[in-house]
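Examining the three-dimensional arrangement
Spelled out, the chains give:
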Amino acid sequence: MVVDVGSGAVRRIGPAGIPMSKVEDVFLTHFHSDHIDGLGELLMQRWAGGAHEAPMPVHGPTGVEDVVAGFNQAYLHDDEYRVAHHGPKIIPPHGAGAWRCVRAAGRGQGVVVLDVDGLKVTAFAVSHLPITPAVGYRFDYLGRSVVVSGDTVKSANLQKFAEAPTCWSTKP
Ligand SMILES: [Zn+2]
């Protein structure tokens, strides 16, 4: 799981001992360039290095569909070059780019954007004015949790989700 993908992200993930091919999901807090300008490289490294047959899921607030579509468009030709050069067994054509974009916002309410194998990821609104929407993410797993706030200032909603003892639900 990677939260935000600035241009330095790909240079730091490998040395941290995490193969790029093992990245399963990307979560974007907002769309300032320093939070997204490494996304294309991460998508390419993950695909080319892992023979993935499905594109990377990218989660984010409303507007993430524009970001994902833009990166997919920008890499369209290189995706074709890679398949032609290495062949579809090493570079499965359908694994390029990003395939799913989940809108995550909500004002006071959390939105569960991923719930798999005991891991629950909840997006919640944060304050990064004038940038809106902007979200933070809470990861709950095996009774432990971590919150990534993005570029927010201190806010009651951030405090609420950071202090919550249990997972939040999309149900009202
Ligand atoms: Zn920002």
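Residues numbered from 1 in each chain as written. Predicted model: local features only at pLDDT ≥ 70, side-chain atom pairs only at ≥ 80, totals over all residues. Heavy atoms only, no water.

In this section: the domain arrangement of the protein chain. Annotation of the protein chain at the domain level lists domain 1 (1-102) and domain 2 (104-172). Taking only C-alpha atoms into account, the centre of domain 1 sits 23 Å from that of domain 2. Across the contact, 15 residues belong to domain 1 and 15 residues belong to domain 2. Summed over both sides, the interface between domain 1 and domain 2 buries roughly 1200 Å², with carbon and sulfur atoms accounting for 71% of that surface. If you sort the residues of domain 1 by the area they bury against domain 2, Phe27, Thr29 and His30 come out on top, with a joint share of 34%. Taken together, the links from domain 1 to domain 2 amount to 0 salt bridges. (Domains from an automatic or database assignment. Contact = heavy atoms within 4.5 Å. Buried area = accessible area lost by both parts, 1.4 Å probe. Salt bridge = Lys/Arg side-chain N within 4 Å of Asp/Glu carboxyl O.)

Turning to the pairing of strand β3 (residues 56-60), a few remarks are in order. β3 sits mainly inside the fold: 5 of its 5 residues count as buried. Side chains of β3 alternate between two faces, with Met56, Val58 and Gly60 and Pro57 and His59 buried alike. Alignment of strand β2 (residues 26-27) against β3, held across 2 bridges, turns out to be parallel. Across the sheet, residue Phe27 finds its bridge partner in β3, namely His59. (Buried < 20%, exposed > 50% of the residue type's maximum accessible area, 1.4 Å probe, protein only. Helix = DSSP H or I, 4+ residues; strand = E, 2+ residues; numbered from the N terminus. Pairing = 2+ DSSP bridges.)

Moving on: the coordination of the zinc ion. Summarising the metal site, the zinc ion is bound by the protein donors His30 (NE2), His32 (ND1), His128 (NE2) and Asp151 (OD), whose distances to it range over 2.2 to 2.3 Å. Geometry at the zinc ion is irregular, judged from its 4 donor atoms and the angles of 95 to 154° they form at the metal. All donor residues of the zinc ion come from one chain, and their arrangement in sequence is H-x1-H-x95-H-x22-D. By relative accessible area, His30 is classed as buried at 1%. The class of His32 is partly exposed, set by a relative accessible area of 33%. (Donors = N, O, S within 2.8 Å, 3.2 Å for Na, K, Ca; no water. Tetrahedral: all angles 85-135°; square planar, octahedral: opposite > 155°, others 65-115°.)

Attention now goes to the packing of aromatic side chains. Summed over all chains, the structure comprises 3 aromatic pairs. Seen in terms of ring centroids, Phe27 and Phe139 are 5.5 Å apart; in terms of plane orientation they differ by 80°. Their pairing is edge-to-face. On the criterion of sequence distance, the pair formed by Phe27 in strand β2 and Phe139 in strand β7 (residues 135-141) is long-range, its members being 112 residues apart. (Phe/Tyr/Trp six-rings, centres within 6.5 Å; stacked < 30°, edge-to-face > 60°.)

Should the pLDDT be low somewhere, the predicted coordinates at that spot are not to be read in detail. With 90% of its residues at a pLDDT of at least 70, the protein chain reaches an overall mean of 86. Note on residues 168-172: pLDDT under 50 across the span, and 14 contacts to partners over four residues away in sequence or across chains. (pLDDT = per-residue confidence, 0-100.)

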